[in-house]
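Descriptive structure summary
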Amino acid sequence: MRLDLSFENLQNFLPRSTSFLRVLDIGCGTGVLAVRLARMGLHVTLLDESLPMLDLAKCAARDAGVTESIALKHGDAAQLANLFEAGSFDLILCHNILEYVDDPCAVLRSAAGLLRNPSGIISILVRNQSGEVLKAVIQAGDLAAAEHNLTAEWGRESLYGGRVRVFTAESMQAMLAAASLAITAERGVRVVSDYLPPMVSRSDEYERIFELERKLGRRPEFVAVARYRHCLAHRTGPVMRDSA
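Just so you know, these numbers come straight off a predicted model, no measurement behind them.

**A look at the overall build of the protein chain**
The number of helices and strands found in the protein chain is 10 helices and 9 strands. A compact globule built from 244 residues should have a C-alpha radius of gyration of about 18 Å, and the protein chain, at 18 Å, falls within 12% of that. Its C-alpha atoms put the protein chain at 50 × 45 × 35 Å along the principal axes. Within the span of the protein chain, comprising 244 residues, buried residues form 47% of the whole. Of the contacts made within the protein chain by residues no fewer than 6 positions apart, 75% connect residues no fewer than 24 positions apart. The averaged location of the 29 negative side-chain charges in the protein chain is 4 Å from the averaged location of its 27 positive side-chain charges.

Below is the structure:
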């Protein structure tokens, strides 16, 4: 659901002709989203510090028949400015990577410097602090955790274990401003699908759930409480680079 919704959101802001667009997927993981974009004719560079993940992404590209549209790059998101030339990309994906890096502001600032021009797009998907509050109450019935999550900067990663950074609307705005970026559009991802009762089949009713999520995710009041906040942003001016 997270992948499908974020891809749907992104598609709505891509130009009609995509054959010459250059994309960078930071922290690409298994390359699912990159393969979808490559099938649309975009050329996608996949960056990840995990060689096993890059191997999985390579296999996914081969199985999908899009290897010619995919480039693999082993490297750390914190070293973006050293890995690529400024102005190399038209679209940059930062999906669920800023939660794990040491300095998300620095990564986003470096990513902004890689955009080819002000019409380029950065797509950012992060954990929403408000969503962590609702998750603790509705899924776990943990009132103490919900109270803690109201002001917490870190949440718990239920799938892999360990900590994961969470973001508020205010922290996102500040981070974007520091990177000379402004929000083009904002969407909520997974507003209600995590809380559906067992009587609603997530497989049989997937299309109906997806359509409801798509509608809810466009409304600001539901963006505020979604599990993930999806920001599509553009550059507002020259990017301030960190001094060496």
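**Re the environment of Leu-10**
Inspection of the secondary structure assignment puts Leu-10 in helix α1 (residues 2-11). Once residues lying within four places of it in the same chain are set aside, the contact partners of Leu-10 are Leu-37, Leu-91, Leu-93, Ser-123, His-230 and Leu-232.

**What about α1?**
Every buried residue belonging to α1 is among Leu-5, Ser-6, Phe-7, Asn-9 and Leu-10, and all of these are buried. If you follow the buried residues of α1, they end up packed against α2 (32-39), β4 (91-95), β5 (121-127), β8 (181-189), α9 (206-216) and β9 (228-235).

**What about the nonpolar core?**
Counting residues in each nonpolar core, the largest one holds 29 residues, and the members touching the most others are Ile-26, Ile-92, Leu-98, Leu-108, Ile-122 and Ile-124. For this core, the secondary structure elements donating two or more residues are β1 (22-26), β4, α5 (104-113), β5, α8 (169-178) and β9. With 4 residues, the top contributor of residues to this core is α5. Non-local contacts of Ile-122, meaning those with residues more than four positions away in its chain, are made with Ile-92, Cys-94, Leu-108, Ala-111, Ala-112, Leu-115, Leu-181, Cys-231, Leu-232 and Ala-233. Counting 24 residues, the second-largest nonpolar core is a separate cluster that includes Val-35, Leu-37, Leu-54 and Leu-91.

**Things to note about the layout of surface pockets**
It is a probe the size of a water molecule, rolled over the atoms, that shows where empty space is left. Size it by volume and the largest pocket reaches roughly 1100 Å³. Around the largest pocket, the lining is made up of 41 residues, and of these Gly-27, Gly-29, His-95, Asn-96 and Tyr-100 lie nearest the centre. Secondary structure elements with two or more residues in the lining of the largest pocket: α1, β1, α2, β2 (43-48), β4 and β5. Top element by residues in the lining of the largest pocket is α1. It accounts for 3 residues. Here the residues of the lining of the largest pocket are counted per class, giving 18 nonpolar, 10 polar and 13 charged. Breaking the lining of the second largest pocket down by element, the ones donating at least two residues are α6 (129-138), α7 (143-149) and β6 (154-156).

**Some thoughts on the pairing of β4**
With 5 of 5 residues buried, β4 lies mostly within the body of the structure. Taking every second residue as pointing to the same face, both faces of β4 are buried, with Leu-91, Leu-93 and His-95 on one and Ile-92 and Cys-94 on the other. When β1 meets β4, the two strands line up parallel, connected through 3 bridges. Bridge pairing links Asp-25 to Leu-93 in β4. Between the parallel elements β4 and β5, the chain passes through α5 in a crossover that is right-handed.

**Describing the pattern of salt bridges**
The full count for this structure, using the stated rule, is 10 salt bridges. The shortest N-O distance in the salt bridge between Asp-90 and Arg-116 comes to 3.0 Å. Of this pair, Asp-90 sits in the loop between α4 (80-83) and β4 while Arg-116 sits in the loop between α5 and β5; the two residues are 26 residues apart in sequence, bridging distant segments of the chain. What makes Arg-116 partly exposed here is its relative accessible area of 38%. The salt bridge partner of Arg-229 is Glu-186, with a shortest N-O separation of 2.9 Å. With Arg-229 in strand β9 and Glu-186 in strand β8, this pair connects stretches of sequence that are 43 residues apart. You can call Arg-229 buried: its relative accessible area is 5%.

The rules behind each value
Residues numbered from 1 in each chain as written. Predicted model: local features only at pLDDT ≥ 70, side-chain atom pairs only at ≥ 80, totals over all residues. Heavy atoms only, no water. Helix = DSSP H or I, 4+ residues; strand = E, 2+ residues; numbered from the N terminus. Rg over C-alpha atoms; globule rule 2.2 N^0.38 Å. Buried < 20%, exposed > 50% of the residue type's maximum accessible area, 1.4 Å probe, protein only. Contact = heavy atoms within 4.5 Å. Lys, Arg positive; Asp, Glu negative; His and termini not counted. Charge placed at Lys NZ, Arg CZ, Asp CG, Glu CD. Core = buried A, V, L, I, M, F, W, Y, C linked by side-chain atoms within 4.5 Å. 1 Å grid on protein atoms, 1.4 Å probe; cavity = no way out; pocket = protein on both sides within 12 Å on 5 of 7 lines; lining within 4 Å. Points joined across faces, edges and corners; volume = space filled by probe spheres on them. Nonpolar A, V, L, I, M, F, W, Y, C, P; charged D, E, K, R; others polar. Pairing = 2+ DSSP bridges. Right-handed = clockwise from strand over helix to strand, strands pointing away. Salt bridge = Lys/Arg side-chain N within 4 Å of Asp/Glu carboxyl O.

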